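# Summary of structural features
Next come the chains, spelled out residue by residue.
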Amino acid sequence: MQPITGKTKLLGIIGDPVEHSLSPVMHNAAIAELGLDYIYVPFPVKQEDLPQAIAGFTATGLVGFNITIPHKQNIIPLLDEISDDAVNIGAVNTVWRTESGWKGTNTDAVGFIAPLKTMPRDWTQMTPVVLGNGGAARAVVAGLTNLGCQEIHVVGRNRDKLAQFYQSWQHSPKIADRLKIHNWDNLSSVVPAADLLINTTPIGMSPQVDASPVEEALMQKLKPKAIAYDLIYTPNPTQFLKLAQEQGAMAIDGLEMLLQQGVAALEIWLQRSVPVEVMRNSLKKHLGLL
Ligand code: NAP
């Protein structure tokens, strides 16, 4: 890595907590590989301090930054412009400087579909089923729409939140028209129809590493040619992915999504292609997977 001098350009991530973010690992690995005079730093920022933090970034000449929980929505009114993707998803995870001020977008949808786009499938004929209807599910639904899926099934446990989720897409008919909402009680009728089953709930994360959002008996009804996609990247694989693989299904973990949303962000900031393999390996090494 280059020595830090008065000329070093600053990138970063804001969140609370931000201590465990893997973004500094992959971005600084790419910066070092490219031999650039940049550094990517985590900034812990409390919710009430967000406006001052952004004003500070403006004053200090920061090039761009990522946003994680709990600021992904609250950042929007503090920006000068946001992309269509960010409007649809209702959240921003990447911000950069333009001549007219800070511009925000959301690279989670691009990151989510990146491993799917490499597969030779006719996505218009596939039935995706999304488990959960929180923040990550929004990026997943936007990504599946961009992929060309004609019907997108979303399963949630809270009827009110599920109804709100459905309502929140009404301003984007392209997405709303393909959305089918199901209560968690109907999981047994939805899972066997899935060609692509996506876990966007935190079920399976530490300490509940033996838990799966879909119990074993129902996972046995998964189509053998289905794809199971878990947004969780640690443990790796999750119990959900293990059960899917036992049925012969293909498994995708959340590491590639994490990586590819970062690749898309770094390309925006640097305006050039970035060393994806170096970034992937830095994450795997950090997580003990290499
Ligand atoms: P979130 O906004 O809190 O949403 C979580 C969703 O899961 C909510 O719909 C929640 O329902 C549901 N849920 C939680 N526990 C459940 C249970 N026991 N049964 C059924 N549904 C349950 O969280 P998020 O930001 O979307 O993140 C979700 C997961 O995705 C996390 O594991 C996160 O680490 C992962 N993620 C990965 C990436 C990546 O790059 N790989 C990116 C973003 C997120 P309620 O609303 O009813 O609580």
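All of these numbers come straight from a predicted model, not from anything done at the bench.

## Thoughts on the overall build of the protein chain
- Counting its secondary structure elements, the protein chain contains 12 helices and 12 strands.
- In summary, the protein chain has a C-alpha radius of gyration of 19 Å against a globular reference of 19 Å for 290 residues, a match within 12%.
- If one aligns the C-alpha atoms of the protein chain with their principal axes, the spans along those axes are about 60 × 45 × 35 Å.
- Among the 290 residues that make up the protein chain, the fraction classed as buried is 50%.
- In the protein chain, of all internal contacts separated by at least 6 residues, the share reaching a separation of at least 24 is 70%.
- In the structure as shown, the protein chain presents an accessible area of about 13,500 Å², 51% of it carried by carbon and sulfur atoms.

## Here we look at helix α10 (residues 239-246)
- Buried residues of α10: Gln239, Phe240, Leu241, Leu243 and Ala244, and no others.
- Buried residues along α10 sit against β7 (128-131), β10 (196-199), α9 (216-219), β11 (227-230) and β12 (250-252).
- Where α10 ends, the next residue or the one after it, Gly248, has phi of about 90°, a positive value.

## Description of the site of the ligand
- What surrounds the ligand is a group of 20 residues, the closest being Asn133, Ala136, Arg157, Leu231 and Gly254.
- Backbone polar atom of Gly134 to an oxygen atom of the ligand: 3.2 Å apart, as the coordinates give it.
- In the model, an oxygen atom of the ligand is placed 3.0 Å from a nitrogen or oxygen of the Lys161 side chain.
- Taken by itself the ligand offers 930 Å² of open surface, and the protein chains cover 73% of this.
- For the shell around the ligand, the secondary-structure elements that each account for two or more residues are α5 (135-147) and α11 (255-270).

The rules behind the values
- Residues numbered from 1 in each chain as written.
- Predicted model: local features only at pLDDT ≥ 70, side-chain atom pairs only at ≥ 80, totals over all residues.
- Heavy atoms only, no water.
- Helix = DSSP H or I, 4+ residues; strand = E, 2+ residues; numbered from the N terminus.
- Rg over C-alpha atoms; globule rule 2.2 N^0.38 Å.
- Buried < 20%, exposed > 50% of the residue type's maximum accessible area, 1.4 Å probe, protein only.
- Contact = heavy atoms within 4.5 Å.
- Areas by Shrake-Rupley, 256 points an atom, 1.4 Å probe, with all protein chains shown as cover.
- Near = heavy atom within 4 Å.
- Polar contact = N/O pair within 3.5 Å; in protein donor to acceptor, adjacent residues only side chain to side chain.

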